[in-house]
Amino acid sequence: MATLKDFAKKEELFTGGHRLCSGCGIPPIVRLVLRNYETPVVAANATGCLEVATTIYPYSAWRIPWIHSAFENTAATISGVETAYRALKKRGKIPGGDKDIKFIAFGGDGGTYDIGLQSLSGALERGHNFLYLCYDNGAYMNTGIQRSSATPFGCNTTTSPAGTVIKGKLEKRKDLTRIVVAHNVPYAAQASPHNWSDLAKKTQKAINTKGPTFLNVISPCPLGWYTKPEDSNKHARLAVESCYWPLYEVEDGVLRVTYKPKKKVSMEEWLKPQGRFKHIFKPGAEGLLEEIQSQVDEYWEKLLEFDGKPVY
Amino acid sequence: MPNSKKKLLQGNEACVEGALYAGCDFFGGYPITPSTEIAEILSVRLPQRGGKFIQMEDEIASLGAVIGAALAGRKALTATSGPGFSLKQECLGYACIAEVPCVIINVMRGGPSTGYPTGPSQSDIMQAKWGTHGDHPAVALTPASVQEILTETVRAFNLSEKYRTPVIVLYDEIIGHMREPITIPEPGELEVINRAKPECAKEDYLPYDENYLVAPLAPFGEGYRYHVTGLNHKADGFPVNDSEIIRENNERIMRKIDENIEDIEKNEEVFLDDAEIGIFTVGSTARSARFAVNALRKEGIKAGLLRPLTIWPFPDKAVKKMADQVKFIVVPELNLGQMIGEVQRVGNGACEVLGINRVDGESIHPTQIIDLIKKHK
């Protein structure tokens, strides 16, 4: 395992100068993930914050071949790129053809959990050799904080507005990692940018496993979470320490929880500084925090039951 | 309108006011710039009135939900922009053949594909007519001001209810996002049409009864049992292989619009009576055109504007009249030439037709129109 110093020495494939917001969780995730590649890598990117803010003409933050297609089809696009590569390689038409080239697709939660799910599912089922990385900030941040199926229960967004009667989003979030696992992919994991070594280890496994692999990484969004930019890492950590965002992996069908907090942080501690949850601490929302806490507890207990065991 | 409420509103906000005025009680949508405000505001306003807002997983699902809600008796709306409008096309065709009343707002942005999400465009004029496959009735309205977005949204619901067909409201990002003082009409001030309901016995109900041009529509859940499908169908809604019925089915959905063009058509004419030079355009471009006409008139140049508020069905009659009258027609549009083809088709060589086109995300300036007319006259 490389140390942080080793990582720092590696070539930066995702450079500064992009226009993602200060405190955005996406750049540290992408930088770290790309530093794990030992081979050339080609990226596809769904419409979203990452795509929009890193490629504003005449600049690009990407030092790798990169393609943006549309909102719903990044997994389909990388499927085409990867298939073409295999076909060309077979015919000896790739210069330096013995060298491996890897493929990665990036999408936010809107482009992955919602509109891109069909495309992702197809690519996983067909078994393309690629890594799909979802940065999950829990809403459509690029269009101005609309709810997605990754938005947490009880959360206020511009299309699940918290009012006097309806207290934010009334639906539980979609468990996308579990849906991906149900495709019997060789490797899928959840990670967080605050735990760089866990994210790096998982990235390396995902990169070096043949077949479709998946990383779901929580990505704090100061704009959409109504948090201070300088607190983003703290919020990523609290999401994990509270067990809202469990760090785990499923490798060849066996689930392993990769981090178990010594002392679970309460959801109250994580949610209270976030403006998107301020309504649950006001009169009229009694019981909501308890409901959120019990949902998180229940999920975590279930996950622990599977720890070390096969899930398919 | 002495008691009416004056408000400073954005185009998309006015669209919400129009929808609610018309009795819209269902919205199925998906965020997309520059239409998102409509979804955001309705997510607050609809539940307050007992209506329902659902955010769907994409634009295909959004129109799917709208069709379901409309068949259950709701006045249903969705709002989108270019790429989302492309995704809705299959459901749009379904709504045409299944004769489901619903309204689709398309706040046009630059295209194709992701294009220019924050810039204005009129590049979906033809998509509104031909986006979905097969011959189908197209009704599309083109407001040019914030006030008109309100009134045309009401009219869109009225036409969709009256003719049991999807109606599209097309406006560009400029009027979608600009603010103007408008008057919110009082209840009863504007006509609000609700779909005809069956009066026959439940067991006799035929959702596509050939005795009507537009058969009454029974809402799901009221005891009328009927079949709805995207396949060609007979009067009871069940699919058929009978070529005579298939022909009649395909022709009737066109006929119900064709035979009512005068009711659906709506044009504004500016100095057209004695015009020697005609301008034909819609939306924000028509605002520049109006300015140009006034400026040219001050210089003694007899220019006139024909501005359709219904772009589909196309105003053949009014365009033909103008083409026979003027020396040439100018068609400014924020695309590379869509409406101009229709003007040429209708004019059929009666006069010259010149285009002014912009696809750089900027609006057409009045001076562009004035300069071309002066140069050409």
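From a predicted model like this one, the values you see are computed outputs, not experimental measurements.

Criteria and cut-off values
- Residues numbered from 1 in each chain as written.
- Chains lettered and ligands numbered in written order.
- Predicted model: local features only at pLDDT ≥ 70, side-chain atom pairs only at ≥ 80, totals over all residues.
- Heavy atoms only, no water.
- Contact = heavy atoms within 4.5 Å.
- Buried area = accessible area lost by both parts, 1.4 Å probe.
- Salt bridge = Lys/Arg side-chain N within 4 Å of Asp/Glu carboxyl O.
- Polar contact = N/O pair within 3.5 Å; in protein donor to acceptor, adjacent residues only side chain to side chain.
- Domains from an automatic or database assignment.
- 1 Å grid on protein atoms, 1.4 Å probe; cavity = no way out; pocket = protein on both sides within 12 Å on 5 of 7 lines; lining within 4 Å.
- Points joined across faces, edges and corners; volume = space filled by probe spheres on them.
- Helix = DSSP H or I, 4+ residues; strand = E, 2+ residues; numbered from the N terminus.
- Nonpolar A, V, L, I, M, F, W, Y, C, P; charged D, E, K, R; others polar.
- Buried < 20%, exposed > 50% of the residue type's maximum accessible area, 1.4 Å probe, protein only.
- Arc of directions from axis to C-beta.
- Core = buried A, V, L, I, M, F, W, Y, C linked by side-chain atoms within 4.5 Å.
- Pairing = 2+ DSSP bridges.
- Right-handed = clockwise from strand over helix to strand, strands pointing away.
- Axes fitted to C-alpha atoms, helices over the stretch in contact; angles between N-to-C directions.
- Parallel < 35°, antiparallel > 145°, perpendicular 65-115°, else oblique.
- Left-handed = near helix turned anticlockwise from the far one by under 90°.
- Patch = residues over 30% accessible without salt bridge, like charges linked within 9 Å, V, L, I, M, F, W, Y side chains within 5 Å.
- Areas by Shrake-Rupley, 256 points an atom, 1.4 Å probe, with all protein chains shown as cover.

Visitor: So what's going on with the interface of chain A and chain B? Residues and values would help.
Guide: Listed by partner, the interface residues are 17 residues for chain A and 18 residues for chain B. Both faces combined, the contact of chain A with chain B buries some 1200 Å², and carbon together with sulfur accounts for 58% of it. Looking only at chain A, the three residues that lose the most surface to chain B are Ile115(A), Thr143(A) and Thr159(A), adding up to 35% of its buried area. One can count zero salt bridges joining chain A with chain B. Our count for the chain A to chain B interface comes out at seven residue pairs in polar contact (both at pLDDT 80 or more).

Visitor: Tell me about the domain arrangement of chain B, residues and numbers included.
Guide: Residue and element names in this part refer to chain B. Assigned domains of chain B: these are domain 1 (6-183) and domain 2 (268-376). Every contact between the two is made by 28 residues of domain 1 and, on the other side, 20 residues of domain 2. Where domain 1 abuts domain 2, roughly 1900 Å² becomes buried across the two surfaces, and 55% of that area is made up of carbon and sulfur atoms. Across the contact surface, domain 1 and domain 2 share two salt bridges.

Visitor: I'd love a proper account of empty space enclosed by the protein, names of residues and values included.
Guide: All names here are of chain A. Counting across every chain of the model gives three cavities of 30 Å³ or more. The volume enclosed by the largest cavity comes to roughly 80 Å³. Tyr37, Ile101, Lys102, Phe103, Asn129, Phe130, Leu131, Ala206, Ile207, Thr209, Gly211 and Thr213 together form the lining of the largest cavity. If you list the elements that add at least two residues to the lining of the largest cavity, you get strand 3 (102-108) and helix 8 (196-208). Looking at the lining of the largest cavity, its residues break down into seven nonpolar, four polar and one charged. What the second largest cavity holds in volume is close to 60 Å³.

Visitor: Run through helix 14 (residues 366-376) of chain B, naming residues and quoting values.
Guide: Residues and elements named next belong to chain B. Restricting attention to buried positions, one finds in helix 14 the residues Pro366, Ile369, Ile370 and Ile373. Angularly, the buried residues of helix 14 cover 95° about the axis, an arc narrow enough to put them on a single face. In this structure, the buried side of helix 14 is in contact with strand 11 (277-280), helix 11 (283-298), strand 14 (328-333) and strand 15 (352-357).

Visitor: With reference to specific residues and values, describe the nonpolar core.
Guide: With 87 residues, the main nonpolar core has Leu34(A), Leu50(A), Ile104(A), Phe106(A) and Leu133(A) as its most contacted residues. Ignoring anything within four residues of it in the chain, the contact list for Ile104(A) reads Val33(A), Tyr37(A), Val41(A), Val42(A), Ala43(A), Ala44(A), Ile78(A), Leu131(A) and Leu133(A). Residues Phe26(B), Ala70(B), Val100(B) and Tyr226(B) belong to the second largest nonpolar core, which totals 54 residues.

Visitor: With reference to specific residues and values, describe the pairing of strand 1 (residues 41-45) of chain A.
Guide: Residue and element names in this part refer to chain A. Counting buried positions over the five residues of strand 1 gives five, a clear majority of the element. Taking every second residue as pointing to the same face, both faces of strand 1 are buried, with Val41, Ala43 and Asn45 on one and Val42 and Ala44 on the other. By the bridge criterion, five bridges tie strand 1 to strand 3 in an arrangement that is parallel. Bridging across to strand 3, Ala44 finds its partner in Ala105. Relative to strand 2 (residues 66-68), strand 1 runs parallel, the two being bridged by three bridges. The partner of Asn45 across the bridge, within strand 2, is His68. Each parallel crossover has a hand, and the one from strand 1 via helix 3 (residues 49-54) to strand 2 is right-handed.

Visitor: Go over the packing of helix 2 (residues 26-35) of chain A against helix 8 of chain A with me, naming the residues and quoting the values.
Guide: All names here are of chain A. Packing of helix 2 against helix 8 leaves a shortest axis separation of 9 Å and a crossing angle of 50°. Relative to helix 8, the element helix 2 is oriented oblique. Pair helix 2 / helix 8 crosses with right-handed handedness. Where helix 2 approaches helix 8, its residues Ile29, Leu32 and Val33 are matched on the opposing element by Trp196, Leu199, Ala200, Thr203 and Ile207.

Visitor: Residues and numbers for the sheet that holds strand 1 of chain A, please.
Guide: Residues and elements named next belong to chain A. On the basis of which strands lie adjacent, the open sheet formed by eight strands has the order 2-1-3-4-6-5-7-8 and mixed pairing. The open sheet has two free edges, formed respectively by strand 2 and strand 8 (254-257), since each of these has just one partner strand. Across the sheet, the mean angle separating the axes of adjacent strands is 15° when strand polarity is ignored. Where strand 5 (residues 187-191) meets strand 7 (residues 248-251), four bridges bridge the pair, whose relative direction is antiparallel. Following the sheet pairing, Gln190 is matched in strand 7 by Tyr248.

Visitor: Before we move on, could you go through a nonpolar patch on the surface and cite the residues and values that matter?
Guide: Side chains of Val165(A), Ile166(A) and Leu170(A) sit close together on the surface and give an oily, nonpolar patch of about 300 Å² of accessible area. As for its placement among the helices and strands, Val165(A) is situated in the loop between strand 4 (131-136) and helix 7 (176-181).

Visitor: Pulling in residues and values, what's your account of the pairing of strand 4 (residues 76-80) of chain B?
Guide: All names here are of chain B. With five of five residues buried, strand 4 lies mostly within the body of the structure. Two elements, strand 4 and strand 5 (residues 102-110), share four bridges in a ladder whose sense is parallel. Directly across from Leu77, in strand 5, lies its bridge partner Val103.

Visitor: Describe unusual backbone geometry, with residues and values.
Guide: Trans is the common state for peptide bonds, and a negative phi is the common state for residues other than glycine. Along the chain, Thr33(B) connects to Pro34(B) via a cis peptide bond; the corresponding omega equals 0°. Here Pro34(B) is to be found in the loop between strand 2 (26-29) and helix 2 (36-48). Pro313(B) follows Trp312(B) through a cis peptide bond whose omega is 0°. Inspection of the secondary structure puts Pro313(B) in the loop between strand 13 (310-312) and helix 12 (316-325). Phi at Ile145(A) takes a positive value of approximately 65°, unusual for a residue other than glycine. Positionally, Ile145(A) belongs in the loop between strand 4 and helix 7. Owing to a relative accessible area of 12%, Ile145(A) belongs among the buried residues under this scheme. Its identity as a non-glycine residue notwithstanding, Cys243(A) has a phi of 70°, on the positive side. Examined against the element boundaries, Cys243(A) turns out to sit in the loop between helix 10 (232-241) and strand 7.

Visitor: Please provide a residue-by-residue account of the sheet that holds strand 15 of chain B, values included.
Guide: Residues and elements named next belong to chain B. Strand order in the open sheet formed by five strands is 10-12-11-14-15, and the pairing between neighbours is mixed. Looking along the sheet, the strands with just one partner apiece sit at the ends: strand 10 (267-270) and strand 15. Strand after strand, the sheet turns through a mean of 20° between neighbouring axes, direction not considered. The pairing of strand 10 with strand 12 (residues 303-308) spans four bridges and is classified as antiparallel. The residue bridging Asn267 from the neighbouring strand is Pro308, located in strand 12. On top of the sheet, helix 12 reaches strand 10, strand 11, strand 12 and strand 14; it is set at about 155° to strand 11, its chief contact.

Visitor: Can you break down the packing of helix 12 of chain B against helix 13 (residues 339-347) of chain B residue by residue, with the values?
Guide: All names here are of chain B. Across the interface, helix 12 lies against helix 13 with an axial gap of 9 Å and an inter-helix angle of 70°. Compared by their axis directions, helix 12 and helix 13 come out roughly perpendicular. The handedness of the crossing between helix 12 and helix 13 is right-handed. Across from Asp316, Val319, Lys320 and Ala323 in helix 12, the residues of helix 13 making contact are Val343, Arg345, Val346 and Gly347. Classifying every residue of the contact of helix 12 with helix 13 gives four nonpolar, one polar and three charged.

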